Amino acid sequence: QVQLVESGGGLVQAGGSLRLSCAVSGRTFTFSRYGMGWFRQAPGKERELVAGISRSGSTLYTNSMKGRSTISRDNAKNTVYLQMNSLKPEGTSVYYCAADDGGGVYAYTANYDYWGRGAQVTVSS
């Protein structure tokens, strides 16, 4: 069974920074083979991609977060990170980590096979 556990969420003022972490575990899970994504979902809205990273290191960012966020992975620690800077109140959401067993990076939730439970990020104005 694969488990994804997000951490690092919380309350931050507008203009501030936050780094989210997602630790992945599982008996037969080889982290380096998986593509990883960070999604977010605000109340009443659909879940959307924030950033993704393939197993080869290719990255994808949503337009609103380009230049303000960086996704990275540490295969030795089975962990993916999302550094977010210059945060805005509209960034208030639950942030989810996801894994794709094909190793790619995609913008759509349907492409991902495993999900974490999410971490709340609240950006105050």
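Look a little higher up for the structure.
On a predicted model such as this, the values are computed, not experimentally measured, just so you know.

Looking only at helices and strands, the protein chain has 0 helices and 11 strands in total. Each helix and strand of the protein chain, ordered N terminal to C terminal, gives the series β-β-β-β-β-β-β-β-β-β-β. Over its C-alpha atoms the protein chain spans a radius of gyration of 13 Å, differing by no more than 12% from the 14 Å that the globule rule assigns to 125 residues. The dimensions of the protein chain, computed from C-alpha atoms along their principal axes, are 45 × 30 × 25 Å. Expressed as a percentage of its 125 residues, the buried residues of the protein chain come to 43%. For the protein chain, contacts bridging at least 24 residues in sequence account for 60% of all contacts bridging at least 6. Carbon and sulfur atoms form 43% of the exposed surface of the protein chain, whose accessible area is close to 6600 Å². The centroid of the 13 positive side-chain charges in the protein chain is displaced by 5 Å from the centroid of its 8 negative side-chain charges.

Regular strands have side chains that alternate between both faces of the sheet. Where burial is concerned, most of strand 8 (residues 79-84) is hidden: 5 out of the 6 residues are buried. Note: strand 3 (residues 18-25) against strand 8, 6 bridges, orientation antiparallel. Of the residues in strand 8, the one forming a bridge with Ser 21 is Tyr 81. Note: strand 7 (residues 69-74) against strand 8, 6 bridges, orientation antiparallel.

Look at Asn 78: it is not a glycine, yet its phi comes out positive at around 50°. Tracing the sequence through the fold places Asn 78 in the loop between strand 7 and strand 8. You can call Asn 78 partly exposed: its relative accessible area is 25%. Phi at Ser 86 is positive, roughly 50°, even though this residue is not glycine. Counting through the fold element by element, Ser 86 comes out in the loop between strand 8 and strand 9 (93-100).

On to the environment of Arg 33. Position of Arg 33 relative to the elements: it lies in the loop between strand 3 and strand 4 (35-41). Sequence-wise, Arg 33 and Glu 90 are 57 residues apart; in three dimensions their C-alpha atoms are separated by 33 Å. Excluding residues that lie within four positions of it along the chain, Arg 33 makes contacts with Arg 55, Asp 101, Gly 102 and Gly 103.

Calculation criteria
- By convention here, each chain's residues receive numbers from 1 onward along its written sequence.
- Restriction of local features to residues with pLDDT of at least 70 applies here, the model being predicted, together with a cutoff of 80 or more for giving and counting side-chain atom pairs; totals for whole chains, interfaces and linings are based on all residues.
- Side-chain measures were taken over the full set of non-hydrogen atoms in the model, leaving aside hydrogen atoms and water.
- Only DSSP runs of H or I reaching four residues or more are called helices, and only runs of E reaching two or more are called strands; each is numbered from the N terminus.
- It is over C-alpha atoms that the radius of gyration is taken, and the globule rule equals 2.2 Å times the number of residues to the power 0.38.
- Exposed residues in this analysis have more than 50% of their type's maximum accessible area, buried residues have under 20%, and partly exposed residues fall in between, with area computed by a 1.4 Å probe over protein chains only.
- The contact criterion used is simple: two residues touch if any of their non-hydrogen atoms lie within 4.5 Å.
- Exposure was quantified through the Shrake-Rupley algorithm and a 1.4 Å probe, taking into account, for residues, occlusion by the shown protein chains and nothing else.
- Charged residues are defined narrowly, with Lys and Arg counted positive, Asp and Glu counted negative, and His plus the chain ends left uncounted.
- By convention, the point assigned to a charge is CZ for Arg, NZ for Lys, CD for Glu and CG for Asp.
- Any two strands with at least two DSSP-identified bridges between them are counted as paired.

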